[in-house]
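Structural features, examined
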Amino acid sequence: MKENKKWYAIDNDTIIKDLQSNAEKGLTDNIIQKNHEKFGENRLPQKKKERALIRFFKHFNDILIYILFIAAIISAMLGHYVDTIVIAVVAFTNAAIGFFQENKAEKALEDIKNLLSLKATVMRNGQRTDIDASQLTIGDLVLLNPGDKVPADLRLISTSNLKIEESLLTGESVPSEKGAQTLDGDTMLGDRSNMAFSSTTVSAGTGKGIVVEIGADTEIGKINEMISEMDPVTTPLLRQTAKFGKTISIVIVGIAVLIYVFGYFFRDYGATELLMSVIGLAVAAIPEGLPAILSIILAIGVQNMAKRKAIIRTLPSVETLGSVSVICSDKTGTLTKNEMTVQNVVTRDNIFNVSGTGYAPEGKITYKGEDVDFENQRVLTKLIDCFYYCNDASLGLDENDRWIVKGDPTEGALITLYDKANLNELNITRVSTIPFDSEYKYMAILADTGEKKIVFIKGAPDRLLDMASQERSEKGVQDFDRKYWEDKIVKLAKTGQRLIGAAYKIVDSNTTKISHEDIQNDIIFLGLAGIIDPPREEAIEAVRICSEAGIRVKMITGDHADTAKAIGKEMGIGDGQKALQGRDLEAMDDEQLAAAAQEYDIFARTSPEHKLRLVTALQSNGFICAMTGDGVNDAPALKRADVGIAMGIKGTEVTKDSSEMVLADDNFSTIAAAVEEGRRVYDNLKKTILFILPTNGAESFLIIASILFGTMMPLTPVQILWVNMVTSVTVSLALAFENIEPDAMKRPPRSSKVPLLSGYFIWRILFVSVLIGGGTLWMNLNLIENGVSEIIVKTVTMQTIVIAQLFHLFNSRSISKFAINKDFFSNKAVFVVSALLIVLQLAITYIPFMNDVFGTYPLEAHYWIYPIVLGVVVFFVVELEKAIMNRLGLAKL
Ligand code: ATP
């Protein structure tokens, strides 16, 4: 293994020089290209996957398959070699299908994970840009912000309150403080405070660092472990079915033994024949294909969601999404467009209007319709300057020549305001920064004007009101008139404007660093800007859809309560009257909060830790809770939520890592779409189970009844396997493509307490099993009575079960509604598989080779009447059952 240089013991200037970088501008294009050729891409080595062969054989490690194998061995011992071969072929086919499905599901998830590739913010050629972390190279200048995942090993060259969580490498969960000073050559990994290591996460502060190691050479690369391991492809529902399968197996073995004993002593069967029947029973009752089909339905769901911009990170959340009963959403950017425009500016003396929309610097600042003369508006000038210098965003043109923000949209709006004012640029150097954080809701910088040092602060006005003791008017600095500002804040907030205030403080000229304590009091308030951020139209529609679907939507915002209420009212969230404020929420105990969480729909002036309490409170009321988040501090709430939803665009890496789902477009309406898809998938899983299990049920019924009545065995084991394979593996796949039920988003969310196989479900499975099994038995007895030969009876019996199931497929397309409706032709897959099934059934009946293998006989046309008549009967009886159960209110799903 390559020994890394002791970067932490080399001083910054030497590193920057040696790596041909620049502490301000970063690398230039030609060095980047050279380094790319020399060092390759910045990728962590992938954890070795299990060999395909091993993964294939794992599919045999299943109790159901063991039973099949035992059946195969016993058949061989009895000299039924064809049966042995067919059973073995089926077991292999089943493993192969399982293996391919699993691969496909994993591939789908992996492709989706690739959509979430890690990004890094770098300075290159003097420009700040976001690039794919894999494109980083040695010498790159990386900017770190809270919530970032460090993209490579960096030697830090400047930091501001930077803290990094390194438990991945050091096991230490308390974030380490970072700095830029050179360290001794024998410093241990955990103490290398001037290094930021790949894959660790920034928990607070900001910093700049030079890339010194990439890919496999990074500390984490050396451990050679994939960080975000693939989640196992399983879900509660899959686990439930697997458990169900195991229970069935035990029951089957038990019944088989009982039946054998019964048959041996009370009926006139030979031991061999009886053993073959019991094997037939075991084979019949096992739903071999079910697990594979269920995982493919989930994988298709994941792909559909990705097409709708909802990227699923863990498979179980596909199911959970279908049962979500409350969505807690951030306001800014998710419910609203995040296209901020300053509309009003308020000083102690006047309220100004600002014209123009978006980020284009086109528009005017006016007072009572007249252009403003900035010479006579010194407070306004200072206010706008404060907004401009205490700001990290910049504006630019996109490829369509539209003005866009690079950085925070709120800050972008303030830059546009500055450009509209057209003020003279001041000669100011920034010495120190307190970055914005939703926790404390302001940003401050220490500015050196050459003559003096000033702290500029911008932030949530009510925060600044608490810190201010004076205000600035055209007359000069005067006592703070809190009442005046509170009135103005409420007035603007009621129009739905987002508010931001500005203040300053002159500090000692020796000051080189500022901290929160320095600005908690005696700041001089300058004024306010009111920013509009219009609601997204599609989000208004999505809120309506959610409310129809019985899902409560709650808005959680850092904005002022009046702003939140006004926007909420426009969007159909809350009544425009009530909002719970962060500080009131804080004063409540858990019980009070549980009640308040139900009552209120708008939570304003919240900070991230309130989100965690809210999720917990909602869950204690039995809600299945989806929660959105973007900042690093939102991560605990997202982890706690049933479905944590991270923003794909403005979300931090840490938030994405804690989430179940990522919104590629940050849009609320995407959540509604994902919930809709979740409901469709869950319904289709249920339909599939409802469809497949009666095949096994009917066959078992038939065999048990035959033994009890002492009649001929209705089907051979291979025929049973054929029936199971064609109905479960091929035909049922069509249900994966079934469209959403028309009322799926009009009914209340599924209760998490209702088990998959509810009482009604078990009833329906038994009912259909007995219907098909009983019908077939009746026909079977009839044919035997009429002296029809055994081989023909068996062939007709097999056809009858398959064709009855084909009709039942159409019943299963809707769980409780009438099957023939306007959506009858909406799922083409159903018709394709039906045609395929008919071809397969004709093949097994009329192709001589298949006759030999499966013990079938080319039927004369009139024998087809039995299967078709029973099929039609099954179809109508099941529809009748649905109608009656619906009428009686017993169809509880
Ligand atoms: P949400 O997405 O939860 O609705 P929000 O944008 O409403 O988030 P925050 O981002 O926490 O909530 O903002 C809260 C308040 O902080 C805003 O109303 C504004 O007054 C102030 N604020 C927002 N961005 C900045 C910033 N970059 N600098 C200073 N103050 C800011």
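Throughout this document, residue positions are counted from 1 along each chain, in the order its sequence is written. Given that this is a predicted model, residues contribute local features only at a pLDDT of at least 70 and side-chain atom pairs are listed and counted only at 80 or more, while totals for whole chains, interfaces and linings are drawn from all residues. Only heavy atoms go into the side-chain values, all of them from the structure, while hydrogens and water stay out.

**Comments concerning the side chain of K611**
Note on placement: K611 falls in helix α20 (residues 608-620). Here the term buried applies to any residue with accessible area under 20% of the maximum for its type, exposed to any over 50%, and partly exposed to those in between, with areas from a 1.4 Å probe on protein chains only. Overall, the relative accessible area of 5% leaves K611 in the buried class. Residue contacts for K611: discarding those within four places in its chain leaves D330, I556, M627, T628, G629, D634 and A637. Under the DSSP-based scheme used, a helix requires at least four consecutive residues in state H or I and a strand at least two consecutive residues in state E, with every element numbered from the N terminus. Residues are treated as being in contact if the distance between any of their heavy atoms lies within 4.5 Å.

**Some remarks on the sheet that holds strand β24 (residues 580-581)**
Strand pairing in a sheet is mediated by backbone hydrogen bonds. Such pairs are either parallel or antiparallel. Should DSSP find at least two bridges between two strands, the strands are regarded as paired. With respect to topology, 8 strands assemble into an open sheet ordered β8-β28-β27-β26-β9-β23-β25-β24, the strand pairing being mixed. Of all strands in the sheet, those bounded by a partner on one side alone are β8 (310-312) and β24.

**Quick word on the nonpolar core**
Counting 114 residues, the largest nonpolar core has L321, I327, M661 and F668 as its most contacted members. Of the residues forming this core, the biggest block, 17 residues, is contributed by helix α23 (residues 668-709). Here the bounds of each domain stem from an automatic or database domain assignment. The two domains that each donate at least three residues to this core are domain 2 (52-108 + 234-308 + 674-888) and domain 3 (322-336 + 537-666). Leave out the neighbours within four places in its chain, and F668 touches I327, S329, T334, L335, A539, A542, V543, C546 and V553. The next biggest cluster of nonpolar side chains, apart from the first, holds 40 residues, and it includes V345, A413, L417 and A529. Take the buried residues of types Ala, Val, Leu, Ile, Met, Phe, Trp, Tyr and Cys, join any two whose side-chain atoms come within 4.5 Å, and each joined set is a nonpolar core.

**Quick look at the site of the ligand**
Note on definitions. A residue lies near a molecule or strand when any single heavy atom of the residue is within 4 Å of it. Around the ligand, 21 residues are found, and the nearest of them are D408, R498, L499, T557 and D559. Taking E411, its side chain carries an N or O atom lying 3.0 Å from a nitrogen atom of the ligand. Residue L499 places a main-chain N or O atom 2.6 Å away from an oxygen atom belonging to the ligand. Listed by contribution, the elements that provide at least two residues to the shell around the ligand are β18 (453-459) and β21 (498-507). It is β21 that contributes the most residues to the shell around the ligand, 3 residues altogether. Residue classes follow a fixed rule: Ala, Val, Leu, Ile, Met, Phe, Trp, Tyr, Cys and Pro count as nonpolar, while Asp, Glu, Lys and Arg count as charged, and any other residue, Gly among them, counts as polar. A class-by-class count of the residues in the shell around the ligand yields 7 nonpolar, 5 polar and 9 charged. A domain-level breakdown of the shell around the ligand finds at least three residues from each of domain 3 (322-336 + 537-666) and domain 4 (341-532). Two N or O atoms form a polar contact when they lie within 3.5 Å of each other; inside protein one atom must be a possible hydrogen donor and the other a possible acceptor, and for residues adjacent in sequence the pair counts only when both atoms belong to side chains.

**Re the pairing of strand β26 (residues 625-629)**
Across the 5 residues that make up β26, a large majority, 5, are buried. Judged by which residues are buried, β26 turns out to be covered on both faces: C625, M627 and G629 on one side and A626 and T628 on the other are all buried. Where strand β9 (residues 326-330) meets β26, 3 bridges bridge the pair, whose relative direction is parallel. Residue pairing in the sheet places C328 in a bridge with M627 of β26. Across 4 bridges, the pairing between β26 and strand β27 (residues 643-647) is parallel. Across the sheet, T628 pairs through a bridge with I645, a residue of β27. Classification remark: right-handed applies to a crossover when, strands pointing away from the viewer, the course from the first strand over the helix to the second runs clockwise. One crossover worth recording links β26 to the parallel β27 by way of helix α21 (residues 635-640), and it is right-handed.

**Considering the packing of aromatic side chains**
What counts as a ring pair is set by centres within 6.5 Å for rings of Phe, Tyr and Trp (its six-membered ring), and what kind of pair is set by the plane angle: stacked under 30 degrees, edge-to-face over 60, tilted for all other angles. Evaluated as defined, the whole model comprises 21 aromatic pairs. The interplanar angle of 55 degrees and the centroid separation of 5.8 Å between the aromatic rings of F810 and F831 together place this pair among those described as tilted. Taken together, the residues span a long stretch of sequence, with F810 in helix α26 (residues 790-812) and F831 in helix α27 (residues 828-846) at a distance of 21 residues. On the accessibility criterion, F810 (13% relative accessible area) is buried. An aromatic cluster is present here, built from F480, Y484, W485 and F525 joined pairwise through their rings. Directly above the ring of Y484 sits R348, whose terminal nitrogen or CZ lies 3.9 Å from the centroid. The positively charged end of R813 is found above the aromatic ring belonging to F824, 5.5 Å away from the centroid. Look at NZ for Lys and CZ for Arg. If either is within 6 Å of the ring centre and within 35 degrees of the ring normal, a charge sits over the ring.

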